[in-house]
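A look at the structure
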Amino acid sequence: MKIRTVLILAAVATALAAISFWVGQSAYGWMPPQASAESILVDRLFSFLVTVGTFIFLGVFVTLAYAVLFQQAGRYDSSDGPHIEGNVTLEIVWTAIPLALVLWIAVYSFQIYDQMSILGPMEHVHMGMATAEAAPVVQGSADSDADVPIEVLARQWTWEFRYPGQNVSSTELHLPSNQRATLLLKSEDVIHGFFIPAFRIKQDVIPNEEITFEFTPIREGKYRLRDSQYSGTYFAAMQADVVVESSDAYREWLTSAAKKPPVVAYNEAFEDYRQISEKGGSAGWVTVPPAEPPLVNYSGSPLTRE
Amino acid sequence: MSTTNLDSSLTDEAVLQASGHDEPDNRMFGFIVFLLSESVIFLSFFVGYIVYKTAATDWLPLGVEGLDVREPAINTVVLVSSSFVIYFAERYLHANNIWGFRIFWLLTMAMGSYFLYGQAVEWSGLEFGITDGLFGGTFYLLTGFHGLHVLTGVLLQLIMLGRSFIPGNYDGGEFGVAATSLFWHFVDVIWIVLFLLIYIWQ
Amino acid sequence: MTNVLVDETSNNLNQPGEPESWRRFFSFSTDHKVIGIQYIVTAFFFFLVGGIFAMVIRGELITPEADLVDRTVYNAMFTLHGTVMLFLWTFPVLSGLANYLVPLMIGARDMAFPRLNAVAFWMVPIFGVVLMGSFLAPGGPSQAGWWAYPPVSLQNPSGALINGQFLWLLAVALSGVSSIMGAVNIVTTIVRMRAPGMTFFKMPIFVWAVMSAQIIQLFGLPALTAGAVMLLFDLSLGTSFFDPLKGGDPILFQHFFWFYSHPAVYVIILPIFGIFSELFPVYARKPLFGYKVVAISSLIIVGLSAVVWVHHMFASGTPGWMRMLFMFSTMLIAVPTGIKVFAWVATIWGGKLRLTSAMLFALGGLIMFVFAGITGIMLAAVPVDIHVNNTYFVVGHFHYVIYGATVMGVYAALYHWFPKMTGRMYNEGLGKLHFVLTFIGANLNFFPMHPLGLEGMPRRVASYDPEFAFWNVIASLGAFLLGISTLPFILNMVGSWIQGEKAPNNPWRAIGIEWLVSSPPSHENFEVLPVVVASPYGYGKSDPLVSNADDLEVAHEHH
């Protein structure tokens, strides 16, 4: 190859690399706030993938754009282009580089997954082989009941959270900041999905199974829990709030909630269904009726966005 | 025509070879491809059965001790033997012994029907139904699906038997008989696996 | 007087074979060309049906509340949108293109089993009616998503035996039977009926691609059938295969389902790869770069496609070792795919490009495919997938493939082979307008889905939190634009077919056996079978493709 070509290619590649890196950095801004320890790892991996992906995409796009703009056939030129059938060296290069790239990405992803260790042992059938048992991230645990998992009960279409140690039930999930959260996920009817975007975590909740799930919230605030596995008519309304607060505020909430007499929780699906039934039926088809809202000490309110 | 002699002879011969839509070779190839695909359905059922059985804590429904192996074993011998019988029938046909073919063909049908009869007898004597847990469900699903294929095989054999009385039936080759026979062997092999999984592996 | 084509690149307006009477297209014809067009037109009708469902979906999603239709209606809409688009549009239209082109491209008179071919086609409108009929079933159509995951798909609130889910399963089962019939036919045809001289490595890439795709159908579909039968038994007979409350395993259904449905996406994209491989050489006037490698990569994709399915189940409760294994296999499949992309770029580079409608769609499709491939790698990375699984990020990814690459690839193919199929030229201006509207509409509609997913908007929702409104409005506007974009296409196809300029044998001066005969070809395709003497894509050289080009045209015939 001519030296001029090499220099031009190098210049273009450098420019694309710079743009890709910049886009990769801005990818952090496309995600929800980093409210868990896991989110930092995930975002890092995502940013890396965006950088690499942008570079490849721009490489292909720029090449094609150049060809489309500058290599069109002359209006009355009906001759063919050069008869180039292939180039073995080039083909080897563009097989080897993607292979290496893919392996790099896979290994990096594996490392991030390993570090995340959000999953406890699971009961699911896997033909007797060992699951990837995660070692929980070690940190100073202040609450004495930290090892009793918070129970998450999913039913069509409500989330209920039970704190067995304190005898508290709630439709709003409270968690202490900077402490490992251990949850026990259960479903009473269909498969639901336990998804908190701010934490970058997701786990399907499977009926007849009790799934241990762990992660570490690190940022105080109010976040959203959404059902992520389609679960029927009011699937979209099956959401709850997640409140991450300081250890003190958390314990205060638990104590005050324990004293409250149980109330019927607000449940959007149930309310909607009730209103429609009172009006004499929906404009749609028959639906599985929503489960009765749970009786809880603490009910998350309908409009909870701050 | 502006081709040379050499070209035209190549063309004619090639045309002869390649222009057939329903040439026996093509039909058998297609049928074999179909059978390979069909076998994946059974393979999928087998995988499901194995997963369920190995994962189950209470495999057998209440009151069920297991499956009786003696009668199904007899049925198995009958079915597997019928594969040899149908093979002999084919040999007779190749040798143009049409009555030899018909007798062994009919014998195959009788053995196949006996198998179906035996299956029905077994089913009617069982103390569990298709809704009795995963055991009941997989048992009837697997044996039922297989039985359907045996029935199909016997019906195909009936049709081929009938067609053997049509004059000039084998002028275009013996694809119908060959395919029915291959199908029968396929049904047989599936049964052997099934028998091992359901009756032997208890 | 015989119609003899003298020069395969000639623009002489040959007397075309008499175009088919319209009645033939409504009959039980066994001619692969008629069947091909029947498939394509029927599929396009259902494309519009699925598109209307999409309009309802995007109409609902233009505001955060579920205020356009009842939630049950919305759920039926997204379920049927997916089901129709896959089983009544994508698979049939690709079958149609394969049906029409493969025998011509390999120099055969028809498919191996013409009557089976016709039966396979006619099942399509039948199961289409069954699926549409489910609107009238008690409880309405299926509202369980196109995956039909139990236990939701088993809930049957109406309690009826013949309910929407039952009819859905019946329709999908019939679709499977039709597809297997088609697959047996195409594979037999390609393996057994290539013209003399056409070795495997002289086949056009479209034929390689179609063969690979149909091999996947043959070995994947039966697994779906097994799972669907078991689901049907659970639904209608009360068995407990997948019902967790009776001891069944709903995750096993997911395995059965995805064991087919992942390879199915390669069934959807491989023929498009084939189309790209056919079109770029023609419109860049250069051979396909690395033909052998591109051919083999299709088979590698077939093999790898069978061992990646669990990447749809990373959040389902699969153990860690399984997630890692399938992450590796999924990322690996990017390599043979990337090889193809680079081959196309190298084909185009340095060529003499003509930006016809077909080429524009192919280029647009390629770019959108590369974007989708990149988001695909992101999805393969388990930690990222845990976050974006079941969100709009996935919906954006696969719509970039399915609309960006597949639909645009189909449009490209239809423009390219329209003259051959109909004997008419289409209107280039309308074609370019169609492209602009489609490209803009598709990007407006599907790009916003990526930030939405990253921010945490789940898929399949009839309502959402107000913070997602901005991107949803843009997406919905894009969707409406896409709806409108079909109008110049329909106008062009119908108008040109009726009164377009008569097309010569080879309007694009392309190299391929189908271009050596009249537009449209005669009923039996060739007077004598072609004898292939050259490799495909011989642009830049003047070697003839076949040794008997002059003899191929059928003597003037009477219908």
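Rules of the game
- Residue indices begin from 1 for each chain and proceed along its sequence in written order.
- Lettering of chains starts at A and numbering of ligands starts at 1, both following the order in which they are written.
- Local features are withheld for residues below a pLDDT of 70 in this predicted model, meaning they are given only at 70 or higher, and side-chain atom pairs are given and counted only at 80 or more; totals for whole chains, interfaces and linings count all residues.
- Only DSSP runs of H or I reaching four residues or more are called helices, and only runs of E reaching two or more are called strands; each is numbered from the N terminus.
- It is the C-beta atoms, placed from the backbone, that decide contacts: two residues are in contact if theirs lie within 7 Å.
- Buried means a residue has 20 or more other C-beta atoms within 10 Å of its own C-beta, exposed means 12 or fewer, and partly exposed covers the counts in between; C-beta atoms are placed from the backbone.
- Whether two strands pair comes down to DSSP finding at least two bridges between them.
- Residue classes follow a fixed rule: Ala, Val, Leu, Ile, Met, Phe, Trp, Tyr, Cys and Pro count as nonpolar, while Asp, Glu, Lys and Arg count as charged, and any other residue, Gly among them, counts as polar.
- Buried Ala, Val, Leu, Ile, Met, Phe, Trp, Tyr and Cys residues form a nonpolar core when they are connected through C-beta atoms within 7 Å.
- Fitted lines through C-alpha atoms give the axes, limited to the stretch in contact for helices. The angle between two N-to-C directions lies from 0 to 180 degrees.
- Any angle that falls under 35 degrees is termed roughly parallel, while one over 145 is termed roughly antiparallel, one within 65 to 115 roughly perpendicular, and all others oblique.
- The crossing is said to be left-handed when, going from far helix to near helix, the turn is anticlockwise and less than a right angle, and right-handed when the turn is clockwise.
- Domain boundaries shown here were taken from an automatic or database domain assignment.
- Take the number of residues in a helix, subtract one, and multiply by 1.5 Å to get its expected span.
- What pLDDT expresses is the predictor's confidence in each residue, scored from 0 to 100.

Another aspect to go through is the overall build of chain A. A tally of helices and strands in chain A yields five helices and twelve strands. Considering only contacts in chain A between residues 6 or more positions apart, those separated by 24 or more positions represent 74%.

Summing up its helical and strand segments, chain C has 15 helices and zero strands in all. The long-range share in chain C, meaning contacts at least 24 apart out of those at least 6 apart in sequence, stands at 83%.

Residues and elements named next belong to chain A. A large share of strand E6 (residues 192-196) lies buried, amounting to five of its five residues. The alternating pattern of E6 places His-192, Phe-194 and Ile-196 and Gly-193 and Phe-195 on opposite faces, both of which are buried. The hairpin formed by E6 and strand E7 (residues 201-205) contains four residues between the paired strands, and Arg-200 there has a positive phi angle of roughly 60°. Sheet topology places E6 next to strand E9 (residues 221-227); two bridges connect them, and they run antiparallel. Across the sheet, residue Phe-195 finds its bridge partner in E9, namely Arg-226.

The next subject is the interface of chain A and chain C. With 83 residues of chain A at the interface, the matching set in chain C holds 84 residues. Within the residue set of the side of chain A that touches chain C, elements represented by two or more residues are helix H2 (37-70), helix H3 (88-116), E6, E7 and E9 of chain A. Here the side of chain A that touches chain C is built from residues that sort into 50 nonpolar, 23 polar and ten charged.

The next subject is the nonpolar core. Membership of the largest hydrophobic core comes to 314 residues, with the highest contact counts inside it found for Leu49(A), Ile106(C), Val207(C), Leu279(C), Ala362(C) and Ala412(C). Apart from residues no more than four positions distant in its own chain, Leu49(A) is found in contact with Ile105(A), Ile377(C), Met378(C), Ala381(C) and Val384(C).

Residue and element names in this part refer to chain C. Contact pair helix H5 (residues 205-237) / helix H6 (residues 250-284): the axes reach a minimum separation of 8 Å and the direction vectors enclose 165°. Classified by the angle their axes make, H5 and H6 are roughly antiparallel. Along this stretch, H5 crosses H6, giving a crossing that reads as left-handed. Here the residues of the contact of H5 with H6 sort into 25 nonpolar, seven polar and one charged.

With that settled, consider the domain arrangement of chain A. Residues and elements named next belong to chain A. Each domain of chain A was delimited in the assignment, giving domain 1 (3-67 + 96-116) and domain 2 (144-296). Inter-centroid distance (C-alpha atoms) of domain 1 to domain 2 is 36 Å. With nine residues of domain 1 at the interface, the matching set in domain 2 holds 13 residues. When the residues that make up the side of domain 1 that touches domain 2 are grouped by side-chain class, the tally is five nonpolar, three polar and one charged.

Looking now at helix H13 (residues 428-446) of chain C. All names here are of chain C. Here H13 is 19 residues long and its end C-alpha atoms lie 27 Å apart, about the 27 Å a rise of 1.5 Å per residue gives. Residues Gly-431, His-434, Phe-435, Thr-438, Phe-439, Gly-441, Ala-442, Asn-445 and Phe-446 constitute the buried set of H13. Buried positions along H13 lie against helix H10 (357-380), helix H12 (392-422), helix H14 (449-455) and helix H15 (469-499).

Here we take up the environment of Ile180(C). Following the sequence through the fold, Ile180(C) ends up in helix H4 (residues 164-192). Assessed through the 21 C-beta atoms surrounding it within 10 Å, Ile180(C) is described here as buried. Along the primary structure Ile180(C) and Leu218(C) are separated by 38 residues, whereas in three dimensions their C-alpha atoms are 6.1 Å apart. Once residues within four sequence positions are removed from consideration, Ile180(C) is found in contact with Ser37(B), Gln217(C), Leu218(C) and Leu221(C).

All names here are of chain C. Between helix H2 (residues 71-106) and H5, the shortest axis-to-axis distance is 10 Å and the interhelical angle comes to 130°. Relative to H5, the element H2 is oriented oblique. For H2 against H5, the interelement crossing comes out left-handed. In this structure, H2 uses Ala-98, Leu-101, Val-102, Met-105 and Ile-106 to contact H5, whose residues at the interface are Phe-206, Val-207 and Val-210. Each residue belonging to the contact of H2 with H5 can be placed in one class, and the counts come to eight nonpolar, no polar and no charged.

All right, on to the sheet that holds E7(A) then. Residues and elements named next belong to chain A. The strand order E4-E10-E9-E6-E7 describes an open sheet built from five strands, whose pairing is mixed. Of all the strands in the sheet, just strand E4 (173-176) and E7 have a single pairing partner and so form its edges. Sheet twist, expressed as the average angle between the axes of neighbouring strands with direction ignored, equals 25°. The pairing of E6 with E7 spans five bridges and is antiparallel. Considered in E7, the bridge of His-192 is made with Val-205.

Now for the pairing of E9(A). Pairing of E9(A) with strand E10 (residues 239-245) of chain A, which is carried by six bridges, proceeds in the antiparallel orientation. Bridging across to E10(A), Tyr223(A) finds its partner in Val242(A).

Our next topic: the sheet that holds strand E2 (residues 158-163) of chain A. All names here are of chain A. Pairing is mixed across the open sheet formed by five strands, whose spatial order is E3-E2-E1-E5-E8. Across the chains shown, the open sheet's two edge strands, defined by having one partner strand only, are strand E3 (168-170) and strand E8 (211-215). The sheet shows a mean angle of 25° between the axes of neighbouring strands, taken without regard to direction. For strand E1 (residues 150-155) and E2, the ladder comprises five bridges, and the chain directions are antiparallel. The partner of Val-152 across the bridge, within E2, is Phe-161.

Residues and elements named next belong to chain A. Averaged over every residue, the pLDDT of chain A is 87; the share at 70 or more is 88%. Put simply, E8 is where chain A has its lowest mean pLDDT, 89, and E6 is where it has its highest, 97. Taken as a whole, residues 119-144 scores under 50 in pLDDT and shows 54 contacts with residues more than four places along the chain or in a different chain.

Right, let's talk about the domain arrangement of chain C for a bit. Interface size is commonly expressed as the accessible surface area that is lost when the partners come together. Residues and elements named next belong to chain C. For chain C, the assigned domains are domain 1 (1-29 + 352-559) and domain 2 (31-203). On a C-alpha basis, the centroid separation for the pair domain 1 and domain 2 is 19 Å. On the domain 2 side, the residues contacting the 40 residues of domain 1 number 40 residues. Among the secondary structure elements, those contributing two or more residues to the side of domain 1 that touches domain 2 are H12 and H15. Element by element, the count of residues in the side of domain 1 that touches domain 2 is highest for H15, at eight residues.

Glancing now at helix H1 (residues 3-26) of chain A. In an α-helix, one full turn covers 3.6 residues, which means residues spaced three or four apart are oriented alike. Between its first and last C-alpha, H1(A) extends 35 Å over 24 residues, near the 34 Å set by a 1.5 Å rise per residue. Little of H1(A) sits out of view: just one of its 24 residues are buried.

Glycine aside, a negative phi is what most residues show, and trans is what most peptide bonds show. Residue Pro151(C) is reached from Pro150(C) by a cis peptide bond, and omega for that bond is -5°. Note that the residue after Ser519(C), namely Pro520(C), is joined by a cis bond; omega there is -10°. Along the chain, Pro520(C) falls in the segment after H15. With a phi angle near 60°, Arg200(A) is a residue other than glycine that sits in the positive phi range. Relative to the helices and strands, Arg200(A) resides in the loop between E6 and E7.

With 96% of its residues at a pLDDT of 70 or more, chain C has an overall mean of 93. This prediction of the complex comes with two scores: 0.92 for pTM and 0.92 for ipTM.

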